[in-house]
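# Notes for the structure review
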Amino acid sequence: MTRFQRELRGDLGAFWQQHAQGELAKVKADLGSGAITIDEAGVARNCIGRALMDDLLEMLVLVTDKADSAATQAAREAEVKADLESYRAAGRAPSATEMAEMRAAFGKGATVVDVLTGEKIFL
């Protein structure tokens with residue numbers, strides 16, 4: 001059981017239960033206004049067209065039966081994979097400003113590793 005489910009059920013007290021009910025009301029309003037959309041495959045997207053994250057998706061399925069959790073999660077995973085591939089393919093070197101910031105943070109002579117590409121940057 002997620003924390004949100006516990007909040008909604010009232011396990012964490014009246015304050016959190018009211019808060020959870022308010023969050024559901026916001027999600028319902030966003031769905032009504034078009035800030036959240038659901039396509040014909042059941043994929044739920046936010047106002048900038050990205051597939052919803054699990055926390056918001058959890059709330060959305062409580063207010064509508066049109067959203068498909070598995071389809072939305074698969075769409076999000078595909079988006080993340082494409083974004084990471086694009087980032088890795090860009091392969092640009094750090095700017096002078098970024099290098100200066102890294103030196104200030106880690107010290108001259110340190111090695112910084114880009115966790116997305118594995119590239120080592122020697123300061």
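Here goes a summary of the coordinates provided.

## Regarding the overall build of the protein
In terms of regular secondary structure, the protein is built from five helices and four strands. Along the chain direction, N to C, the helices and strands of the protein fall in the order α-α-β-β-α-α-α-β-β. Its C-alpha atoms give the protein a radius of gyration of 21 Å, clearly above 14 Å, the size a compact globule of 123 residues would have. Counting only C-alpha atoms, the protein reaches 55 × 35 × 25 Å along its principal axes.

## Observations regarding the packing of aromatic side chains
Counted by the stated rule, this structure contains one aromatic pair. With a centroid separation of 5.0 Å and 85 degrees between ring planes, the pair formed by Phe-15 and Trp-16 is classed as edge-to-face. With relative accessibility at 55%, the residue Phe-15 sits in the exposed group. Above the plane of the ring of Trp-16 lies Arg-3, whose end atom (NZ or CZ) is 5.0 Å from the centre.

## Concerning helix α3 (residues 54–63)
Within an α-helix, residues lying three or four positions from one another point in the same direction, as the helix has 3.6 residues per turn. Every buried residue of α3 is accounted for by Leu-57, Glu-58, Met-59 and Leu-60. On its buried face, α3 is in contact with α1 (3–9), α2 (14–33), β1 (37–38), β2 (44–45) and α4 (69–90).

## So, the side chain of Glu-79
Within the secondary structure layout, Glu-79 lies in helix α4. Within polar-contact distance, the side chain of Glu-79 engages the side chain of Arg-45 at 2.5 Å. Those residues within four positions of Glu-79 in sequence are excluded, and the remaining contacts are Arg-45, Gly-49, Arg-50 and Ala-51.

## Digging into the packing of α2 against α3
Where α2 meets α3, the axes come as close as 9 Å, and the angle between the chain directions of the two elements is 80 degrees. One finds that α2 runs roughly perpendicular with respect to α3. On α3, the residues that touch Glu-23, Leu-24, Val-27, Lys-28 and Leu-31 of α2 are Leu-56, Met-59, Leu-60, Leu-62 and Val-63. Residue composition of the contact of α2 with α3, grouped by class: eight nonpolar, no polar and two charged.

## What about the environment of Ser-33?
By secondary structure assignment, the location of Ser-33 is in helix α2. Residue classification places Ser-33 among the exposed residues on the basis of a relative accessible area of 56%. A distance of 3.4 Å separates a polar atom in the side chain of Ser-33 from the backbone nitrogen of Ala-35.

Here is what the cut-offs are and how they apply
- Residues numbered from 1 in each chain as written.
- Predicted model: local features only at pLDDT ≥ 70, side-chain atom pairs only at ≥ 80, totals over all residues.
- Heavy atoms only, no water.
- Helix = DSSP H or I, 4+ residues; strand = E, 2+ residues; numbered from the N terminus.
- Rg over C-alpha atoms; globule rule 2.2 N^0.38 Å.
- Phe/Tyr/Trp six-rings, centres within 6.5 Å; stacked < 30°, edge-to-face > 60°.
- Buried < 20%, exposed > 50% of the residue type's maximum accessible area, 1.4 Å probe, protein only.
- Lys NZ or Arg CZ within 6 Å of the ring centre and 35° of its normal.
- Contact = heavy atoms within 4.5 Å.
- Polar contact = N/O pair within 3.5 Å; in protein donor to acceptor, adjacent residues only side chain to side chain.
- Axes fitted to C-alpha atoms, helices over the stretch in contact; angles between N-to-C directions.
- Parallel < 35°, antiparallel > 145°, perpendicular 65-115°, else oblique.
- Nonpolar A, V, L, I, M, F, W, Y, C, P; charged D, E, K, R; others polar.

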